[in-house]
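Geometric and topological summary
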Amino acid sequence: MRLALPLFLVFEGIDGCGKSTLCARLHEHYAGESLPAVLLREPTDGIWGRKIRDMLQGPELPDAAEQVRLFLMDREHDVENNILPAIRHKRMIFMDRYFYSNAAYQGAGGMSPEDILQENLGRGFPLPHRVYLLDLPPQAALDRVSARQGGSKHDLFEKTEFLQRVRDHYLAMADDRFCVIDARGPVEDIFNAVCADIEREFGTK
Ligand code: TYD
């Protein structure tokens, strides 16, 4: 199967949806077929991304507006140094989170998801060809991650409520560019569904 390149594919979903495992598996698969595949993620491993990861592990988060500012700095650096060069070199990009995370998560933190999307688009960040949204209920996602560890019932309730808002924002953003996938099943089924969609949408025979 030949694919029309470049191909910029974004993977989104709530924490614990399985997208990092899926991205790694897809990258390995297409790179193994000699396609020029690259794997990227946000927050990145650059200076802003490291600052963000420290912030996420810290005792208290700054307000949503400050979070947006940091994610935008990280994304600006990522677009310039990683995404645009990969597009110019006609690569196949597997992107673990992009500005849809910004709208869904900081939207769940109280800001307007529409304003966050506009802010990102206004900066000229390239639109992906496709967004795979791995959708599942927060409870199922939390069962997979260690969020329960050490947390009280109250923490778990808050986390579930927050992720439900994130999920609702994602689903509200899902236009024709999105392919929404039921992520409750085994990773192999999700992998097959994504590969089939890629071939249907971008295969050139
Ligand atoms: P995640 O992909 O879960 O990283 P890892 O599993 O490697 O730690 O991303 C970390 C968190 O960052 C995740 O909870 C979502 C959040 N996030 C935002 O809130 N806004 C954004 O713009 C991005 C890219 C991520």
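The text that follows walks through the structure, step by step, so that each part is easy to find. (Residues numbered from 1 in each chain as written. Predicted model: local features only at pLDDT ≥ 70, side-chain atom pairs only at ≥ 80, totals over all residues. Heavy atoms only, no water.)

With that settled, consider the overall build of the chain. Secondary structure assignment for the chain yields 8 helices and 5 strands. In the chain, the succession of helices and strands from N to C terminus is β-α-β-α-α-β-α-α-β-α-α-β-α. Against the compact-globule benchmark of 17 Å for 205 residues, the chain has a radius of gyration of 17 Å, which places it among compact chains. In the chain, buried positions account for 44% of the 205 residues. Within the chain, contacts between residues at least 6 apart in sequence are counted, and of these 78% link residues at least 24 apart. Per element, the accessible surface of the chain, about 10,600 Å² overall, is 50% carbon and sulfur. (Helix = DSSP H or I, 4+ residues; strand = E, 2+ residues; numbered from the N terminus. Rg over C-alpha atoms; globule rule 2.2 N^0.38 Å. Buried < 20%, exposed > 50% of the residue type's maximum accessible area, 1.4 Å probe, protein only. Contact = heavy atoms within 4.5 Å. Areas by Shrake-Rupley, 256 points an atom, 1.4 Å probe, with all protein chains shown as cover.)

Before going further, it helps to spend a moment on the site of the ligand. Residues in close proximity to the ligand total 14 residues, the closest being Asp 15, Arg 75, Arg 97, Tyr 105 and Gln 106. Between the ligand and the protein, one listed contact pairs an oxygen atom with a side-chain N or O atom of Arg 97 at 2.9 Å. The backbone of Asn 102 places a nitrogen or oxygen atom 3.2 Å from an oxygen atom of the ligand. Contact with the protein chains hides 78% of the accessible area of the ligand, taken as 560 Å² for the molecule alone. (Near = heavy atom within 4 Å. Polar contact = N/O pair within 3.5 Å; in protein donor to acceptor, adjacent residues only side chain to side chain.)

One can describe the packing of helix H3 (residues 64–88) onto helix H4 (residues 99–108) by two numbers: an axis separation of 11 Å at closest approach and a directional angle of 175 degrees. Between H3 and H4, the crossing angle belongs to the class labelled roughly antiparallel. Every residue of H4 that contacts H3 at Ala 64, Gln 67, Val 68, Phe 71, Leu 72 and Arg 75 is listed here: Phe 99, Asn 102 and Gln 106. Along the lines of polarity and charge, the residues of the contact of H3 with H4 split into 5 nonpolar, 3 polar and 1 charged. (Axes fitted to C-alpha atoms, helices over the stretch in contact; angles between N-to-C directions. Parallel < 35°, antiparallel > 145°, perpendicular 65-115°, else oblique. Nonpolar A, V, L, I, M, F, W, Y, C, P; charged D, E, K, R; others polar.)

Turning next to the layout of surface pockets. When its volume is computed, the largest pocket comes out at roughly 1,400 Å³. Looking at the largest pocket, it is lined by 43 residues, and the ones nearest its centre are Asp 15, Leu 56, Tyr 105, Lys 159 and Phe 162. Among the elements of the structure, helix H1 (19–32), helix H2 (47–57), H3, H4 and helix H7 (153–173) are those that each provide at least two residues to the lining of the largest pocket. The element contributing the most residues to the lining of the largest pocket is H7, with 6 residues. (1 Å grid on protein atoms, 1.4 Å probe; cavity = no way out; pocket = protein on both sides within 12 Å on 5 of 7 lines; lining within 4 Å. Points joined across faces, edges and corners; volume = space filled by probe spheres on them.)

Time to look at helix H8 (residues 187–202). Here H8 contains 16 residues, and its C-alpha end-to-end distance of 22 Å stays within 8% of the 22 Å for a straight helix at 1.5 Å per residue. Among all positions in H8, only Ile 190, Phe 191, Val 194, Cys 195, Asp 197, Ile 198 and Phe 202 are buried. Taken around the axis of H8, the buried residues stretch over an arc of 160 degrees, which confines them to a single face. Lining the buried residues of H8 we find strand S1 (7–12), H1, strand S3 (92–96), strand S4 (130–135) and strand S5 (178–182). (Expected span 1.5 Å × (residues − 1). Arc of directions from axis to C-beta.)

On to empty space enclosed by the protein, then. The gaps of empty space that remain are located by a probe, the size of a water molecule, rolled over the atoms. Counting across every chain of the model gives 1 cavity of 30 Å³ or more. In this structure, the largest cavity spans a volume of roughly 40 Å³. The wall of the largest cavity is formed by Gly 13, Ile 14, Leu 133, Leu 134, Asp 135, Leu 136, Arg 167, Tyr 170 and Leu 171. Those elements that place two or more of their residues in the lining of the largest cavity are S4 and H7. Residues that form the lining of the largest cavity fall into these classes: 6 nonpolar, 1 polar and 2 charged.

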